[in-house]
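Listed here are the chains, written in short residue letters.
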Amino acid sequence: QKTKLSMYGAIALQSTKETEVRHILRRSLVWKIALATTLSLLMASISSWRMIADDKKNIKNPAALNEKRIESWSCDDFDDDTTITPSECGYVDREMCEQHCTSDWCQSMCGEMCSAGEGALCAYTKLSNLQDTCAQVEAELIKKGKSLVEELDIESNQKRVYEAACSRLTHQRNDSTHPRVCDHHAFCSFCAQSQECTQIVPKVPSPTRIESGGCAAAALGRIVSICDEFQYFSSALRNDDDESSDANILQHQQNKIERLRKIFYINCDNDIERRDFQESQLERIGIPYERFACVSGDTVEEVFASRGNTTKRFASKPLRNIREGIRAHTVGVWLSHYLLFELIASYTNDKEGIYLILEDDALIPPEITAGAIDRAAASLPKNWAYASLNVHESICLEDKVNEDWFVKRGLTNASLFGSERVALGTCTPIQIDNQWHDPNILYLSAAAQLLRPSTAANVTHWLDGLPIYHIDALLRTPSGALLPSFQFKSNLISTATNFGETRRGQISSSSSSESGRRLLLRLKNR
């Protein structure tokens, strides 16, 4: 019996010791896990503190953030309209508006869209179309009789609000409805393609990052200052002279925004069908228009003699190699454009008015209005002399000067098609038109052109220094400094390849393609 008790006692003692050992091991493991977790959190905090401190260094210049750590994400990662939807992101947007769209300007421009959960999209759109936004702001200031100096002084306090909003960090989460994802998506869709918007609202890094939507909304609180910094206000707003009445300033504003004065179309006497078509579509536009009779003749000699001394003065001008069968026609087209450019240059009483020149196969889409043409002209670089609203077939990515316009660049003595640049690797083609099925054709077309009297003489002077050749090829420029010639980013005005079908508003794609191919074959033999 004693032996059994001793044995049970030994077993109990051993069990107690094993239990104590297990407890010790468990406590040790818990401490190790706790220590590891603490170290991990500490390292994450140090990293976050460093990032925040680094960003705070740039608080006075939010654009500086655009150069820092932006490689950590791409807009391609957030191009998902099916997952990242307004219904998913609406609550995020409304929270943003409550915090950042508090200024009078932001509320007047985007208050309704904030209520709909689309405030960030509105703010981005206003900043991406900055020149139009500034025109609205200027008109509002003039209407209310506010001084630019006083308004800039009022907005001085908004700068700190804007800087704080553009340095506000969010926390990292991966669910699709988190502000980070919604904000990235909105930024990429409505701001990333605009140079002006990305100067005001920087692309910023993940995993901790700026709320760009809040930054954009806060920027509207100092929109007067931003417009002034980008020099988008006219002299009317800056002029403090008492002799300028409110009525005169408002009229100046209207002239500044609505500058399309007249439309000319070039048409030959025997092209009655095209004349009727042009006058029918121009009646819809509601801008005064005028037919400019083309210069023509069966031979080059007849062309030069057709208008007496007006055209004879060019008879000694050298011709570039033009195929004999189309030589008289090419010279006639050149003279028609030159003489019309010369006429516009003579309008010295309206130097900044805009004049649209159409060839008689130009087709103005139903959605294009005089206002659309005005808005396109408003974003031209200030020094522009010539601008084209139609192109065959491509423009070059390297020639982009702003969101709407590209330098109409071509090499000196380039061929008609200008494709040498593609071969040399100095052009990445962006195909705009497919009429001739050759994306390497660059900046060709004189179907729809803008000129203004103040710089039209620059265009004729440019043509004076070149042999007579196809006019659309000559209006390309080796450098915007030599001839400020620009091409719009899309075909605002198109051309009719099957004219009879176009008049009925039904362009046959097969007929148009075949016409285009035949035209290309003829041109390649020029």
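Residues numbered from 1 in each chain as written. Predicted model: local features only at pLDDT ≥ 70, side-chain atom pairs only at ≥ 80, totals over all residues. Heavy atoms only, no water.

Asker: Outline the pairing of strand S5 (residues 354-359), listing residues and values.
Answerer: Of all six residues in S5, five are buried, a share of seventy percent or more. The pairing of strand S3 (residues 260-267) with S5 spans six bridges and is classified as parallel. Bridge assignment links Ile266 to a residue of S5, and that residue is Glu359. (Buried < 20%, exposed > 50% of the residue type's maximum accessible area, 1.4 Å probe, protein only. Helix = DSSP H or I, 4+ residues; strand = E, 2+ residues; numbered from the N terminus. Pairing = 2+ DSSP bridges.)

Asker: I'd love a proper account of the state of the cysteines, names of residues and values included.
Answerer: Inspection of every chain in the model, using the stated rule, returns seven disulfides. Each disulfide pairs two cysteine sulfurs, and for Cys191 the partner residue is Cys197, the sulfurs being separated by 2.1 Å. Taking the sign of the S-S torsion, about -110° here, the bridge from Cys191 to Cys197 comes out left-handed. Taken as a pair, Cys191 and Cys197 share a single burial class, namely buried. Across a sulfur-sulfur distance of 2.0 Å, Cys396 and Cys427 are joined as a disulfide pair. Around the S-S axis, the bridge from Cys396 to Cys427 shows a dihedral of about -95° and counts as left-handed. One end of the pair, Cys396, is in strand S8 (residues 394-396); the other, Cys427, is in the loop between helix H19 (420-424) and strand S10 (429-431), and 31 residues separate them in sequence. Classification of Cys396 as buried rests on a relative accessible area of 0%. (Disulfide = S-S within 2.5 Å.)

Asker: Tell me about the pattern of salt bridges, and name the residues and values.
Answerer: With the rule as written, the count across this model stands at 13 salt bridges. Note that Lys262 and Glu290 form a salt bridge whose closest N and O atoms lie 2.6 Å from each other. Of this pair, Lys262 sits in strand S3 while Glu290 sits in strand S4 (residues 289-293), and the two are 28 residues apart along the sequence. Salt-bridge contacts for Lys400 lead to Glu403; the nearest nitrogen and oxygen are separated by 3.8 Å. Residue Lys400 is classed as partly exposed on the basis of its relative accessible area of 34%. The class for Glu403 is partly exposed, based on a relative accessible area of 23%. When salt bridges with common partners are traced through the structure, they connect Arg259, Glu352 and Arg452 into a single cluster. (Salt bridge = Lys/Arg side-chain N within 4 Å of Asp/Glu carboxyl O.)

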